[in-house]
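Residues per chain, in single letters:
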Amino acid sequence: NLVANARMYAVTAAADAGWKELVAWLSRRSSFPLEAIDHAFPAPLSQLWSRPDLGCAFMCGFAYLRSPYPPKPIAAPVPSSARFGGRAVYMTDLVVRADSAFRTLEDTFGQRLGYTVEDSHSGYNALRHHLLPFRSERGSSLYRASIGPLHTPRRVLDAVLACDIDVGPLDSYGLDLMLRHEPELRRLIRIVATTDPAPIPFLVASAGCPDGIVDRLRTALQEFGEAAECATLR
């Protein structure tokens, strides 16, 4: 058996249950046994990605490019929200508390900025790229404190809501999932800026996973978008 995990986007209990249901469907559809496992914080994602028995897990493209032994790509999700334009992309949303005085990203300069981990694109690399023109223009640090690593988008959101940071980066697909399953969050936060799109984290198998198994998993996932029995899960 191989293991599967969707920690990067298991951002709520309902989303976690949905991903595990998808793994069960994928196992049946591909006729290959997959075991959905938990790999929650504080366990490092790098530990998950390096497992030799990894059959299906989300991986950030930035970490993939930096990996000396990259796993095998299987498939990428295409979020249904209109802002993704029907493409397998995502962005970083920079969020603040809705009751704060911040209306633009520039309003947050001089305050406290959070981040996830340094090998994250959405929680670190995209953020730095977005801030670089402001830094170059001003010629000095933009924030009085950089708080992290906070490790996960959910912990970034919680830090914003707890006033431990003033602005934080959130994976836009992860945020959409949180807002879908916890709609009360919409009145608590506000997006003040969004970065350029980038390729979305994709599902991978271990570098040693046989190509035949990868092909079976890929074929099944490509059928997921049209499978009638998956309409509610989609």
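Below or above, wherever it landed, is the structure these notes cover. Note that the structure is predicted; figures quoted are calculated from it, not measured.

## Regarding the nonpolar core
Thinking step 1. Within the largest apolar cluster, 61 residues are counted, with the highest numbers of intra-cluster contacts made by Tyr-9, Trp-19, Leu-26 and Ile-74.
Thinking step 2. Setting aside residues up to four positions removed in sequence, Tyr-9 forms contacts with Ala-15, Trp-19, Phe-58, Tyr-90, Asp-171, Tyr-173, Gly-174, Leu-177, Ile-200 and Pro-201.
Thinking step 3. By size, the runner-up hydrophobic cluster in this structure holds 13 residues, among which are Leu-127, Tyr-143, Val-192 and Ala-193.

## Some thoughts on helix 6 (residues 172-181)
Thinking step 1. Most of helix 6 is tucked away, with seven of its 10 residues classed as buried.
Thinking step 2. Along helix 6, the positions that sit buried rather than exposed are Ser-172, Tyr-173, Gly-174, Leu-175, Leu-177, Met-178 and Leu-179.
Thinking step 3. Where the residues of helix 6 are buried, they touch helix 1 (13-30), strand 5 (89-90), strand 6 (92-97), helix 5 (153-161), strand 9 (168-171) and strand 10 (189-194).
Thinking step 4. Where helix 6 starts, the residue carrying a side-chain oxygen 2.9 Å from the main-chain nitrogen of Tyr-173 turns out to be Asp-171.

## Focus on the side chain of Thr-116
Thinking step 1. Structurally, Thr-116 is set in the loop between strand 7 (112-114) and helix 4 (121-138).
Thinking step 2. Separated by 3.4 Å, the side chains of Thr-116 and Ser-120 make a polar contact.
Thinking step 3. Every residue in contact with Thr-116, bar those within four places of it in the chain, is listed here: Gly-123, Tyr-124, Pro-149, Leu-150, His-151, Thr-152, Pro-153 and Val-156.

## Re the side chain of Ser-100
Thinking step 1. Mapped onto the elements of the fold, Ser-100 is located in the loop between strand 6 and strand 7.
Thinking step 2. Under the relative-accessibility criterion, Ser-100 is labelled buried at 14%.
Thinking step 3. Of note is the side chain of Ser-100, whose polar atom sits 3.3 Å from the backbone nitrogen of Phe-102.

## Considering the pattern of salt bridges
Thinking step 1. One pass over the full model with this rule turns up 13 salt bridges.
Thinking step 2. Asp-211 serves as the salt-bridge partner of Lys-72, at 2.7 Å between the closest nitrogen and oxygen. On the criterion of sequence distance, the pair formed by Lys-72 in strand 4 (residues 72-75) and Asp-211 in helix 7 (residues 211-224) is long-range, its members being 139 residues apart.
Thinking step 3. Judged by relative accessible area, Lys-72 falls into the partly exposed class, the value being 22%.
Thinking step 4. By relative accessible area, which is 49% here, Asp-211 ends up partly exposed.
Thinking step 5. Here Arg-218 ties to Asp-215 by a salt bridge, and the two come within 3.4 Å at their closest N and O atoms. One end of the pair, Arg-218, and the other, Asp-215, are both in helix 7, three residues apart, so they sit about a helical turn from each other.
Thinking step 6. Owing to a relative accessible area of 41%, Asp-215 belongs among the partly exposed residues under this scheme.

## Structural notes on helix 4
Thinking step 1. Spanning 18 residues, helix 4 covers 24 Å between terminal C-alpha atoms, matching the ideal 26 Å at 1.5 Å per step.
Thinking step 2. Along helix 4, the sharpest kink reaches roughly 40°, centred on Leu-132 and followed within four residues by the proline Pro-133.
Thinking step 3. Residues of helix 4 that are buried: His-121, Ser-122, Gly-123, Tyr-124, Ala-126, Leu-127 and Leu-131.
Thinking step 4. Of the surrounding secondary structure, the elements contacted by the buried residues of helix 4 are helix 3 (61-66), strand 5, strand 6, strand 7, strand 9 and strand 11 (198-199).
Thinking step 5. Sitting at the head of helix 4, Ser-120 places a side-chain oxygen 2.9 Å from the backbone nitrogen of Gly-123.
Thinking step 6. Looking one or two places after helix 4, you find Gly-139, whose phi comes out positive at around 70°.

## Quick look at the packing of aromatic side chains
Thinking step 1. Across all of its chains, the model carries eight aromatic pairs by this definition.
Thinking step 2. Ring centres of Tyr-9 and Tyr-173 lie 4.7 Å apart, and the angle between their planes is 65°; on these two criteria the pair is classed as edge-to-face. Of this pair, Tyr-9 sits in the loop between strand 1 (2-5) and helix 1 while Tyr-173 sits in helix 6, and the two are 164 residues apart along the sequence. Summarising the burial analysis for this pair, Tyr-9 and Tyr-173 share the class buried.
Thinking step 3. Measuring from ring centre to ring centre gives 5.2 Å for Tyr-64 and Phe-202, while their planes differ by 75°; the resulting arrangement is edge-to-face. With Tyr-64 in helix 3 and Phe-202 in strand 12 (residues 202-205), this pair connects stretches of sequence that are 138 residues apart.

Conventions adopted
Residues numbered from 1 in each chain as written. Predicted model: local features only at pLDDT ≥ 70, side-chain atom pairs only at ≥ 80, totals over all residues. Heavy atoms only, no water. Core = buried A, V, L, I, M, F, W, Y, C linked by side-chain atoms within 4.5 Å. Buried < 20%, exposed > 50% of the residue type's maximum accessible area, 1.4 Å probe, protein only. Contact = heavy atoms within 4.5 Å. Helix = DSSP H or I, 4+ residues; strand = E, 2+ residues; numbered from the N terminus. Polar contact = N/O pair within 3.5 Å; in protein donor to acceptor, adjacent residues only side chain to side chain. Salt bridge = Lys/Arg side-chain N within 4 Å of Asp/Glu carboxyl O. Expected span 1.5 Å × (residues − 1). Bend = angle between axes of the 7 residues up to and from the residue. Phe/Tyr/Trp six-rings, centres within 6.5 Å; stacked < 30°, edge-to-face > 60°.

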